[in-house]
Amino acid sequence: MSKHETITATEARFPLAKLILSPMNPRQDVPEQDIKDLAGTLWAKGMIQSLAGYTEDLDGAEIVAGGTRLRALQYLAETKPDFAKLRPELANPLVMLAPDRETAADWAKMENVVRKNLPPALEIRTFGEMRAEGKDVSAIATNFGVTEKHVYRRLALADLPEPVLDALAAQEINLSMAACFTICDDEAHALAVLDRVRGENWSDHQLKKQLKPASVKATDRRVKFVGDDAYAEAGGKMGGDLFAEEKLYDSPEILDGCFQVALEDEAREIAQAEGWKWVEPITEHYLCHYTMELGKYERIYSEGADLTEEQSERYDELAELAEGEVLDEDGQAELADLQKIIDGEYTEAQKAHAGLFVYVNPQGVLERSGEMVRPEDKKDAVEAGIIKASAGSTAPAAPKSPISQALRDDLNRVAKGAQQHAILRDPDLMIDLLAYQLSHEMRWSNPFGLSQSYVPNWPSTEAAGYELDERLTTNPARDMYDAKDLGASFRAFRKKGAEHIRGELTRFLAAQYQGGDAKLAAMIAKETKPSIREVWTPTAENFFSRVGGPYMNQIWRDLLDLAEDHPTATSFAKLKKGEKAEKLESLFASAETRKAHNVTDEQAAKIDAWLPEGME
């Protein structure tokens, strides 16, 4: 019989101040948030599993197993007033004591192996069994030294069909793929999908589309417009993806029906409230002039009035606040009243012969077209004096123009030239207009015929370790698709002053810069001195986890000037890929890591300037 088989451990309580983390404890570095989460559980539920330690020749005990629990207790002692008085059992925790240092070392290794290597499928099933035995989430979290959020996520997977967990255990699917199956409540369908994806590396998006091909996300414009209550009242089913923390709408036919009814109700209300002859709902998210043949319709306009000088000044003031998106509700109402004076109102006669279209835009907001007369109503509208006779279908054809189309085009070019000739006299106006165009998305209403191409400057994956000047990443061009008065908007823009205009022009021109001719680009680079490492630092997420292990071995050796057989190089080469990535990230970001490896000033300079091959 071995020595350890005959050993009986003892237990004792120690004041928290006399407990220290043993160097043998494998969990030397624990995320601060994990400690805080566990502290909350311990404060609410107590400590179910005792600490394990060693006390020989010590005034207290070294904790070899339960390091996270020890830190959580120490955190409570620092943050909870009267901690020792209110929770003496936590201020004096129970410690299982090893009879000798060798046994304590074995305990430390055993706990680390159990926690580190417990396969996800086994952990999921174990948590599920403990729940079935009546243990609550906090008790499971305390027993395993994990956060309650981690337990909740594992328990969500514990309800999956057994074949899915079997496939996870057999590594036929990964943990991320297993999580996707939680969105499907049709077991037969889920198992059919499982058979198709075994042994394949499917993305979450692809797999979810297979599991719920017809489900609609909460970002859908129909969902935003209809709302959850109306959808549920109509019998619509709602699911969800716990891991993506999103709602899914599983009855698209019902959603379509609710959307149609809600849109028709809005059209009917507008027609009744405003008195239009017709208001037609369009289920598309925009109006297509070609397919709807809107060219055959006749647009009508209300007759507006001029503002007084005082009203005009107030309008500009309010428009400037609206442009900056800081106008309150009262201001918005006042601006709307002034806009009504400018726009004017439609007469009852106009409304009796005209109407409009309503539709829901991609953001789920109801939009309306301009007011117009339908082709079949043009004759009556002409007779009522609503539109001119030349626009009516029964009006006589206009005589053929003596000016050919080619000549008309030339004349139009002459007129355009006159405009360009005149604007040359006001360079400041042109610069203001350019800055306004760049910072406002106006599509076909652009004052200048310039093409703005997207110049990519952002990685396709997560951008940790990458930080650009915020002028390149915030405040995109303001969408003016639904703006009623671009003239008023431009006046408000100019009133912000030359400094604001120059700033807008600068940042949007910078976002358009892509180099161009090699010699020109080299000259610009010489003057501006761009530095990749100024905005980007390699991390495990953005670089090292996306390259192979041998390449990381080479980087490690090169940066630390190590021979291939150097112990530091060989120990690094034995690490798993993820561990190598984390070590390299730490070498680039942590002063402690550099100190631990005795990094010289020369090596530090090399690390701070290092770039992947091809980026130099």
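Note that this is a predicted model, so its numbers are computed, not measured. In this numbering scheme, every chain counts its residues from 1 along its sequence in written order. Given that this is a predicted model, residues contribute local features only at a pLDDT of at least 70 and side-chain atom pairs are listed and counted only at 80 or more, while totals for whole chains, interfaces and linings are drawn from all residues. Side-chain numbers come from the whole structure's heavy atoms, not from hydrogens or water.

Caption draft 1: Main features of the overall build of the chain. Secondary structure elements follow DSSP: runs of H or I of four or more residues count as helices, runs of E of two or more count as strands, with numbering from the N terminus. Across its full length, the chain carries 30 helices and 15 strands. With a 1.4 Å probe rolled over the protein chains alone, any residue whose accessible area is under 20% of its type maximum counts as buried; one over 50% counts as exposed, and the rest are partly exposed. A total of 616 residues make up the chain; the buried ones form 35% of that total. In the chain, the proportion of contacts linking residues at least 24 apart, taken out of those at least 6 apart, comes to 69%. In this description, accessible areas are obtained by the Shrake-Rupley approach with a 1.4 Å probe, and a residue is regarded as covered only by the protein chains that are shown. In the structure as shown, the chain presents an accessible area of about 36,900 Å², 51% of it carried by carbon and sulfur atoms. What makes two residues a contact is simply this: any of their non-hydrogen atoms within 4.5 Å.

Caption draft 2: Structural context of the packing of aromatic side chains. Aromatic pairs are defined between Phe, Tyr and Trp rings, using the six-membered ring for Trp, whenever the two ring centres lie within 6.5 Å; interplanar angles under 30 degrees are classed as stacked, those over 60 as edge-to-face, and all others as tilted. Per the counting criterion, the structure on display carries 15 aromatic pairs. Ring centres 6.2 Å apart and planes at 90° place the aromatic pair W536 and F543 in the edge-to-face group. The same class applies to W536 as to F543, namely buried. Ring centres 5.7 Å apart and planes at 50° place the aromatic pair F544 and F588 in the tilted group. A residue pair is termed long-range when its members are at least 10 positions apart, and F544 in the loop between helix 25 (532–535) and helix 26 (549–560) and F588 in helix 28 (residues 577–589) qualify at 44 residues.

Caption draft 3: Molecular detail of the sheet that holds strand 3 (residues 51–54). Note: two strands are recorded as paired if DSSP finds a minimum of 2 bridges between them. Strand order in the open sheet formed by five strands is 1-5-3-4-2, with mixed pairing between adjacent strands. In the strand order of this sheet, the two ends are held by strand 1 (10–13) and strand 2 (19–21), each with one partner. When strand polarity is set aside, the average angle formed by the axes of neighbouring strands in this sheet is 45°. Bridge count for strand 3 against strand 4 (residues 61–65) is three bridges, and the pairing is antiparallel. The partner of A52 across the bridge, within strand 4, is A65. Helix axes are fitted to C-alpha atoms over the stretch in contact, other axes to C-alpha atoms as well, and angles between N-to-C directions run from 0 to 180 degrees. Sheet strands in contact with helix 2 (residues 67–79) are strand 2, strand 3 and strand 4, and its direction is about 125° off that of strand 2.

Caption draft 4: Fine view of the nonpolar core. Counting residues in each nonpolar core, the largest one holds 25 residues, and the members touching the most others are W276, V279, I300 and V358. Broken down by secondary-structure element, the contributors of at least two residues to this core are helix 13 (221–226), helix 15 (252–274) and strand 11 (355–360). Leaving out residues up to four positions away in the same chain, V358 has contacts with L263, A267, I270, V279, E280, P281, I282, L366, E367 and R368. Joining through side-chain atoms within 4.5 Å is the link that ties buried Ala, Val, Leu, Ile, Met, Phe, Trp, Tyr and Cys residues into a set, and such a set is a nonpolar core.

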